[in-house]
Amino acid sequence: MTPFAPGIRRVALQAYPRLFFACNQCLRQTTTPQQRLASRILNVVRSRGFADAKPITPLEGLADHVASRSTSAQARELAKTAFPKTNPKSVAYWLIGSAVSVFGIVVFGGLTRLTESGLSITEWRPVTGSLPPMSQADWESEFEKYRTSPEFRLLNPHMTLDEFKKIYFMEWAHRLWGRFIGISFVLPTLYLIARRKVTTKMAFNLLGISALIGFQGFIGWWMVKSGLKDDLFAPGSHPRVSQYRLTTHLSTAFVCYSWMLLSGLSILRTHRLLADPKTAMSALQGLKNPVLNVFRRSVFAVAALTFVTIMSGALVAGLDAGLIYNEFPKMGLGLTPPKSELFDRFYCRKEDGSDLWWRNMLENPSTVQMDHRILAVSTFCAIVTLFVYSRTGRVAAALPTSAKKGALGLVHLVCIQVALGISTLIYMVPIPLAAAHQAGSLGVLTGALVLAHRLRVPKPTMRLIEQRLKHLKR
């Protein structure tokens, strides 16, 4: 027994009168050495005349210790079940990598269409179709199915099995790539949400993109299915898929790509801004300058116009409209074909001709090509005008350097795209130029989206920066 033991027992009995006996050894076992030392020092001070000093008994210290540990445990449990306020950079890199993969499959899908390979697989087997035919009998079976398609009967009646294998592997690789994108996106999405690694908003974004990827697979088969029957316009017409379904398939891919890209860029931008809150707040306040309102809306309009132009190009591809009027800027003897050709009653399906206008706009190759030319020239002029506007007057003074670089990069991209488009038309759609032209369209859209993203003021990030600044002031 130590000489301080009677004092500890006396204080414990005074603090807890209902306890008739408190064993000194038990008190030692239920408290830590640090707590016992602090209690002894305070009791000695009190015994020497410092009556105001409040002794801390071992049981009180134990209660405080248990309460603090209980609170910490509850805080940790709450943190595990709550979504964070920011997303990790690794999620941004994964999203941008997925967007690059979608970019690649869009270009490869264009090659599949240009090589007439898209209709080589006549069945949709999402799981079992992951493997190609493994034996000669399997190849013969697949080739026999292809022989029943309109494309074989009207376009490739003399095709051999070896030639069929080439186009089959093109379509099979395209579908396998799509499956890879789905698996490499959906599984990480489920993990990130289940483990609360992303914000609530990002969780909804990831779920939306995952659903869109699944829908894209269905749209792809829906498109291919339209080319397995010869009833688009008239018996004996060139076998192809529906231009409406092709446009839907391409638009879904572009939306998926844009969604991934912007989500990834938003995460990186948030981290960059939070690294220096004071500078970030000044930059974001500069973007709120009323002088930039017209320029910002113009950038969003250009991005929308670019998307519409690309979709009109999908109609051109679906109708093989690039194989006619292979000169520029004229179409035949004038800038436009004759009115009788542009609005031909051949494409009407109603006796009264009430669908004459929109049917020709969407199904007449001559009209569709003219529409695409008009939209392409309009997009080019709009982007050049936007660039000039970014270098004039108060807009140039208020515009951040990153936005100025984005406007300049967008001009470069659209100039390359115009050159590719005219070359593709003049040389009657060679495969390398046509594939490059499709990649260029996605490049121009990317430039417009990046510029629009740099001009956007993210409100959630603004709130986080304000919280950081308040914390720094304290």
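Residues numbered from 1 in each chain as written. Predicted model: local features only at pLDDT ≥ 70, side-chain atom pairs only at ≥ 80, totals over all residues. Heavy atoms only, no water.

- Named according to an unreviewed UniProt entry, the protein chain is Cytochrome c oxidase assembly protein originating from Epichloe bromicola.
- Of the protein chain, the UniProt comment under Cofactor (unreviewed entry) reads exactly: "heme b".
- Here is the UniProt Subcellular location (unreviewed entry) comment for the protein chain, exactly as written: "Membrane". (UniProt positions renumbered as here; feature names shortened; annotations may be inferred.)

With respect to the environment of Lys288
Now for step 1: Mapping Lys288 onto the fold places it in the loop between helix 11 (277–287) and helix 12 (293–318).
Now for step 2: Look at Lys288 and you get partly exposed, because its relative accessible area is 44%.
Now for step 3: Put simply, Lys288 and Leu455 are 167 residues apart on the chain and 9.2 Å apart in space, counted from C-alpha to C-alpha.
Now for step 4: Ignoring anything within four residues of it in the chain, the contact list for Lys288 reads Arg296, Val457 and Met462. (Helix = DSSP H or I, 4+ residues; strand = E, 2+ residues; numbered from the N terminus. Buried < 20%, exposed > 50% of the residue type's maximum accessible area, 1.4 Å probe, protein only. Contact = heavy atoms within 4.5 Å.)

Regarding the UniProt feature "transmembrane region" (unreviewed entry) in the protein chain
Now for step 1: The positions that UniProt labels "transmembrane region" (unreviewed entry) are, in the present scheme, residues 91–111, 176–194, 206–224, 244–268, 299–325, 372–389, 410–429 and 435–453.
Now for step 2: When the span residues 91–111 is considered, its composition is 100% helix and 0% strand, and the gap between its end C-alpha atoms is 30 Å.
Now for step 3: The distance separating the terminal C-alpha atoms of residues 206–224 is 27 Å; by composition the span is 100% helix and 0% strand.

A word on the pattern of salt bridges
Now for step 1: Scanning all chains against the criterion turns up 9 salt bridges.
Now for step 2: One salt bridge connects Glu363 with Arg359, and the closest N-O pair in it is separated by 2.8 Å. With Glu363 and Arg359 both in helix 14 (residues 356–363) and 4 residues apart, this pair spans about one turn of that helix. Each member of the pair, Glu363 together with Arg359, is buried. (Salt bridge = Lys/Arg side-chain N within 4 Å of Asp/Glu carboxyl O.)

Remarks on the packing of aromatic side chains
Now for step 1: Overall, the coordinates contain 17 aromatic pairs when judged by the stated rule.
Now for step 2: Between Trp94 and Phe185, the ring centres sit 4.7 Å apart and the planes meet at 20°, which makes this aromatic pair stacked. On the criterion of sequence distance, the pair formed by Trp94 in helix 5 (residues 89–114) and Phe185 in helix 8 (residues 161–194) is long-range, its members being 91 residues apart.
Now for step 3: Look at Phe185 and you get buried, because its relative accessible area is 0%. (Phe/Tyr/Trp six-rings, centres within 6.5 Å; stacked < 30°, edge-to-face > 60°.)

Digging into the nonpolar core
Now for step 1: Counting 34 residues, the largest nonpolar core has Leu95, Phe185, Leu206 and Met260 as its most contacted members.
Now for step 2: Looking at this core, the elements that each hand over two or more residues are helix 5, helix 8, helix 9 (200–226), helix 10 (243–275), helix 12 and helix 18 (431–455).
Now for step 3: In terms of residues, this core owes the most to one element, helix 10, which gives 9 residues.
Now for step 4: What Leu95 contacts, discounting residues up to four positions off in sequence, is Phe185, Met202, Leu206, Met260, Ser263, Gly264 and Ile267.
Now for step 5: Leu273, Ala403, Val444 and Ile465 belong to the second largest nonpolar core, which has 29 residues in total. (Core = buried A, V, L, I, M, F, W, Y, C linked by side-chain atoms within 4.5 Å.)

Considering helix 14
Now for step 1: Taken as a whole, helix 14 has its buried residues at Arg359, Asn360 and Glu363. An end-on view of helix 14 places all buried positions within 95° of arc, on one side of the element.
Now for step 2: Looking at the buried residues of helix 14, the elements they touch are helix 10, helix 13 (339–342) and helix 15 (365–390). (Arc of directions from axis to C-beta.)

Quick notes on the environment of Val299
Now for step 1: Within the secondary structure, Val299 sits in helix 12.
Now for step 2: In this structure the C-alpha to C-alpha distance between Val299 and Leu386, which are 87 residues apart in sequence, comes to 7.5 Å.
Now for step 3: Residues in contact with Val299, not counting those within four places in the same chain, are Leu386, Ala448, Leu451, Ala452 and Leu455.

With respect to the packing of helix 14 against helix 15
Two quantities define a packed helix pair, namely the angle between the helix axes and the distance between the axes.
Now for step 1: Between helix 14 and helix 15, whose axes approach to 6 Å, the crossing angle comes to 75°. As summarised for this structure, helix 14 and helix 15 are arranged roughly perpendicular, according to the angle between their axes. Touching Asn360, Met361, Leu362 and Glu363 of helix 14 are Pro365, Thr367, Val368 and Asp371, all from helix 15.
Now for step 2: Looking at the contact of helix 14 with helix 15 residue by residue, the class counts come to 4 nonpolar, 2 polar and 2 charged. (Axes fitted to C-alpha atoms, helices over the stretch in contact; angles between N-to-C directions. Parallel < 35°, antiparallel > 145°, perpendicular 65-115°, else oblique. Nonpolar A, V, L, I, M, F, W, Y, C, P; charged D, E, K, R; others polar.)

Section: helix 6 (residues 136–147)
Now for step 1: End to end, helix 6 covers 16 Å across 12 residues, agreeing with the expected 16 Å (1.5 Å per residue, within 8%).
Now for step 2: Buried within helix 6 are the following residues: Trp139, Glu142, Phe143 and Tyr146. End-on view of helix 6: buried residues confined to an arc of 100°, all on one side of the axis.
Now for step 3: Where the residues of helix 6 are buried, they touch helix 7 (150–154) and helix 8. (Expected span 1.5 Å × (residues − 1).)

Brief notes about unusual backbone geometry
Now for step 1: Cis geometry is found at the peptide bond from Phe328 to Pro329, where omega equals 10°.
Now for step 2: Among the secondary structure elements, Pro329 is positioned in the loop between helix 12 and helix 13.
Now for step 3: Positioned with a positive phi, Arg196 is a non-glycine residue whose angle comes to about 55°.
Now for step 4: Residue position: Arg196 is located in the loop between helix 8 and helix 9.

Considering a positive patch on the surface
Now for step 1: Together, Lys201, Lys288, Arg456, Lys459 and Arg463 line one region of the surface with positive charge.
Now for step 2: Relative to the elements of secondary structure, Arg463 occurs in helix 19 (residues 459–473). (Patch = residues over 30% accessible without salt bridge, like charges linked within 9 Å, V, L, I, M, F, W, Y side chains within 5 Å. Areas by Shrake-Rupley, 256 points an atom, 1.4 Å probe, with all protein chains shown as cover. Lys, Arg positive; Asp, Glu negative; His and termini not counted. Charge placed at Lys NZ, Arg CZ, Asp CG, Glu CD.)

Overview of the packing of helix 10 against helix 19
Now for step 1: Helix 19 packs onto helix 10 with a crossing angle of 20° between their chain directions and a minimal axis gap of 10 Å. One element, helix 10, and the other, helix 19, form an angle in the roughly parallel class. Note on packing geometry: the crossing formed by helix 10 with helix 19 is right-handed. Residues Thr270, Leu273 and Leu274 of helix 10 form the contact with helix 19, whose own contacting residues are Thr461, Leu464, Ile465 and Arg468.
Now for step 2: Looking at the contact of helix 10 with helix 19, its residues break down into 4 nonpolar, 2 polar and 1 charged. (Left-handed = near helix turned anticlockwise from the far one by under 90°.)

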